[in-house]
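Chain residues, written in single-letter form:
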Amino acid sequence: MRLFLLDFSVWLFFHLTISLGLIKLPDRFFASDHPLNELFKERTFEKKGRFWKDKVKVHKWKDKLPDGASLFHAGYKKKELQNNDVDTIMIFIKETKRAELTHWLLMVPAPFFFLWNPVWAGWVLITYALLVNIPFIMIQRYNRIRLNRIKKRKQTYTDKK
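All figures in this text were calculated on a predicted structure; none of them were measured in a lab.

Trainee: Would you mind showing me how to read the nonpolar core here?
Mentor: If you look at the biggest cluster of nonpolar residues, it comprises nine residues: Val10, Trp11, Met107, Ala110, Phe113, Leu125, Ile126, Ala129 and Ile137. Apart from the residues lying within four places of it in its own chain, the contact partners of Trp11 are Leu106, Ala110, Phe113, Leu125, Tyr128 and Ala129.

Trainee: Whenever I open this one, the pattern of salt bridges confuses me. Can you help?
Mentor: Two side chains that carry opposite charge are able to pair once their charged atoms sit near each other. Here the structure, examined in full by the defined rule, presents 10 salt bridges. One salt bridge connects Asp27 with Arg98, and the closest N-O pair in it is separated by 2.7 Å. With Asp27 in the loop between helix 1 (2-23) and helix 2 (50-55) and Arg98 in helix 5 (residues 86-107), the pair connects residues that are 71 residues apart, well separated along the chain. The exposure class of Arg98 is buried, given its relative accessible area of 6%. Each of Asp27, Lys94, Glu95 and Arg98 takes part in salt bridges that share partners, so that together they form one network.

Trainee: In this structure, what is going on with the packing of aromatic side chains? I would like to understand it.
Mentor: Both the distance between ring centres and the angle between the ring planes are used here to describe each pair of aromatic rings. Applying the stated criterion across every chain, the model contains 10 aromatic pairs. A ring pair is formed by Phe45 and Trp52, whose centres lie 5.9 Å apart and whose planes are at 75°; its orientation type is edge-to-face. The partly exposed category is assigned to Phe45, whose relative accessible area is 42%. According to the relative accessible area criterion, Trp52 is buried, its value standing at 6%. Members of the aromatic cluster, joined through ring pairs, are Trp11, Phe113, Trp116 and Tyr128.

Trainee: What is the right way to look at a nonpolar patch on the surface in this model?
Mentor: A cluster of nonpolar side chains, namely Met1, Phe4, Leu5, Phe8, Leu12, Leu16 and Leu20, defines an oily patch on the protein surface of about 720 Å² accessible area. Overall, Leu20 belongs to the partly exposed group, its relative accessible area being 37%.

Trainee: Please clarify how the environment of Leu65 should be interpreted in this entry.
Mentor: Tracing the backbone shows Leu65 in the loop between helix 3 (58-61) and helix 4 (68-72). Once the C-alpha coordinates of Leu65 and Pro135 are considered, the two residues, 70 residues apart in sequence, prove to be 8.8 Å apart.

Reading the values: the criteria
Residues numbered from 1 in each chain as written. Predicted model: local features only at pLDDT ≥ 70, side-chain atom pairs only at ≥ 80, totals over all residues. Heavy atoms only, no water. Core = buried A, V, L, I, M, F, W, Y, C linked by side-chain atoms within 4.5 Å. Buried < 20%, exposed > 50% of the residue type's maximum accessible area, 1.4 Å probe, protein only. Contact = heavy atoms within 4.5 Å. Salt bridge = Lys/Arg side-chain N within 4 Å of Asp/Glu carboxyl O. Helix = DSSP H or I, 4+ residues; strand = E, 2+ residues; numbered from the N terminus. Phe/Tyr/Trp six-rings, centres within 6.5 Å; stacked < 30°, edge-to-face > 60°. Patch = residues over 30% accessible without salt bridge, like charges linked within 9 Å, V, L, I, M, F, W, Y side chains within 5 Å. Areas by Shrake-Rupley, 256 points an atom, 1.4 Å probe, with all protein chains shown as cover.

Geometry only, nothing functional implied.
Written out as structure tokens, the structure is:
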């Protein structure tokens, strides 16, 4: 039981520290010209979002998962688009990057649990880290591809006016 409480406490510490720390990370880290943006670029396998829709069916289950901003009462709520103007869409895109980075970083501490846990428990905690974070990464990538498409359409329409 002590080991379980230790693991729980350490995970809680990492979740809160990483999540709240990235809420404070300046927006410039998510700009399209920042080197970190390489992580967020659309990949060939995503096929303009069709992979996430057709193969993973993200659109069918994404709304069943909680939004971290609602859990912490901080950050940008991403459950729904607040407005459909280009500026709001650009903010939403930036926040999908912040959320994706958060979930990538939340997996990083997992191997450290091998230091004080039996090997089998370390693997359980690795599995936990993957199961808890990968679905949120998929949601952010799915949403960002869709939002970029909407943004381009709106910008094209505005440019034609």
